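# Structural description and commentary
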Amino acid sequence: MAVYLAGAIFCLSVWPPQNYPQWKALVAAPAVSVATLLFFGMLLVHAWVGVRDVVMDYVHAYALRFVLLALVAGGLVVMGVWVLQVIAGIW
């Protein structure tokens with residue numbers, strides 16, 4: 001994730017897109033699309049591990065823990081589908 005962020009900051013500071021068609025062309029490039037999808041996939045997995053650990057440490061009732069983890073997992077899946085829709089331009 002750090003490599004992606006460093007590369008994005010470098011590229012956007014050296015060659016900043018000036019208008020919407022340039023941004024669209026940048027995001028539509030296959031390498032950028034794949035790297036962005038991988039970045040958000042890793043970000044969502046990182047969020048899952050962090051929230052799961054916090055919930056498991058502080059919520060002791062099993063039923064409540066299950067419900068909370070199911071809600072978090074569902075929300076992360078929805079966010080992942082949304083990112084896929086935006087980046088890949090599907091649906």
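In case you missed it, the structure is sitting above this.
Figured I'd write up the structure that's included with this text. (Residues numbered from 1 in each chain as written. Predicted model: local features only at pLDDT ≥ 70, side-chain atom pairs only at ≥ 80, totals over all residues. Heavy atoms only, no water.)

### Regarding the side chain of R65
By the secondary structure assignment, R65 is in helix α4 (residues 62-88). Comment: no salt bridge for buried R65; closest opposite-charge side chain is D57, at 7.8 Å. Ignoring sequence-local partners within four residues, the contact set of R65 consists of V55, M56, V59 and H60. (Helix = DSSP H or I, 4+ residues; strand = E, 2+ residues; numbered from the N terminus. Buried < 20%, exposed > 50% of the residue type's maximum accessible area, 1.4 Å probe, protein only. Lys, Arg positive; Asp, Glu negative; His and termini not counted. Salt bridge = Lys/Arg side-chain N within 4 Å of Asp/Glu carboxyl O. Contact = heavy atoms within 4.5 Å.)

### Points about a nonpolar patch on the surface
Taken together, M1, V34, L38, M42 and L43 make up a surface patch of nonpolar side chains, about 440 Å² in accessible area. Inspection of the secondary structure assignment puts M42 in helix α3 (residues 30-58). (Patch = residues over 30% accessible without salt bridge, like charges linked within 9 Å, V, L, I, M, F, W, Y side chains within 5 Å. Areas by Shrake-Rupley, 256 points an atom, 1.4 Å probe, with all protein chains shown as cover.)

### Remarks on the layout of surface pockets
The volume enclosed by the largest pocket comes to roughly 410 Å³. Around the largest pocket sit 14 residues that line it, and Y4, A8, L12, L26 and V32 are the ones nearest its centre. Looking at the lining of the largest pocket, the elements with two or more residues in it are α1 (2-14), α2 (20-28) and α3. Top element by residues in the lining of the largest pocket is α1. It accounts for six residues. Looking at side-chain class alone, the lining of the largest pocket contains 12 nonpolar, two polar and no charged residues. (1 Å grid on protein atoms, 1.4 Å probe; cavity = no way out; pocket = protein on both sides within 12 Å on 5 of 7 lines; lining within 4 Å. Points joined across faces, edges and corners; volume = space filled by probe spheres on them. Nonpolar A, V, L, I, M, F, W, Y, C, P; charged D, E, K, R; others polar.)

### Some thoughts on the packing of α2 against α3
Helix packing geometry: the angle between the two helix axes and the distance between the axes. At a minimum axis separation of 5 Å, α2 and α3 run at an interaxial angle of 70 degrees. With respect to each other, α2 and α3 are oriented roughly perpendicular. Between α2 and α3, the residues in contact are L26, V27 and A28 and P30, V32 and S33, respectively. Residue composition of the contact of α2 with α3, by class: five nonpolar, one polar and no charged. (Axes fitted to C-alpha atoms, helices over the stretch in contact; angles between N-to-C directions. Parallel < 35°, antiparallel > 145°, perpendicular 65-115°, else oblique.)

Purely spatial values, then, with no claim about function.
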